[in-house]
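# Fold and geometry: a report
One letter stands for each residue in the lines below.
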Amino acid sequence: MLLTVGGYSSRFPVPEHYPNVPRVGFHWNVGNGIVIKGEQFFALTHSAAMVGGALEASYNIAPVHAWFSAALDVIVWWEPFHYAVSAHIEIGAEVKVEGTILGIKVTLPSLRIT
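A brief look at the structure comes next. In this convention, every chain numbers its residues from 1, walking through the sequence in written order. Given that the model is predicted, a residue must reach a pLDDT of at least 70 before its local features are reported, and side-chain atom pairs must reach 80 or more before they are shown or counted; all residues, however, enter totals for whole chains, interfaces and linings. Hydrogens and waters are ignored; side-chain quantities use all the structure's heavy atoms.

## Quick notes on the pattern of salt bridges
- The term salt bridge refers to a pairing of a side-chain nitrogen on Lys or Arg with a carboxyl oxygen on Asp or Glu at a separation within 4 Å. All chains considered together, the criterion is met by 2 salt bridges.
- In this structure, Glu39 engages Arg23 in a salt bridge whose closest nitrogen and oxygen atoms are separated by 3.9 Å. Pair noted here: Glu39 is in strand S3 (residues 34–45) and Arg23 is in the loop between strand S1 (2–5) and strand S2 (24–31), with a separation of 16 residues, a long-range link.
- Relative accessibility under 20% of the residue-type maximum defines a buried residue, over 50% an exposed one, and the middle range a partly exposed one, all with a 1.4 Å probe and only protein chains included. Residue class for Glu39 comes out partly exposed when judged on its relative accessible area of 37%.
- Given the relative accessible area of 32%, Arg23 is considered partly exposed.
- With a shortest N-O distance of 3.9 Å, Glu56 and Lys37 are connected by a salt bridge. Here the residue Glu56 occupies a position in strand S4 (residues 48–61), and Lys37 occupies one in strand S3, the gap between them amounting to 19 residues.
- Judged by relative accessible area, Glu56 falls into the partly exposed class, the value being 38%. Put simply, DSSP H or I for four residues or longer makes a helix, DSSP E for two residues or longer makes a strand, and each gets a number counted from the N terminus.

Quick look at the structure:
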């Protein structure tokens with residue numbers, strides 16, 4: 001038995017005879033330097049059920065770059081019953097400053113916060 005939309009958990013050893021299914025995703029260029037993208041998956045097999053996905057949002061107009069990313073991967077095995085969950089969240093910002101002072105090109109190191 002196999003039902004999948006968007007593939008499998010990264011922790012699932014995919015049998016060779018299972019189809020290679022790409023993630024279901026989206027990429028939205030909102031405008032004004034804002035991009036939102038994501039991907040999801042769900043699978044139900046004879047040995048496990050799994051669900052997960054990722055979401056990213058970013059703002060990028062020089063000299064400022066800011067981002068947010070989150071991901072979740074959940075798998076439940078039937079025999080013996082056990083599960084694994086992994087999650088990730090990152091929020092960050094970076095500012096790059098370049099310019100000239102008295103005719104000399106100056107580049108300051110990036111200030112990055114995560």
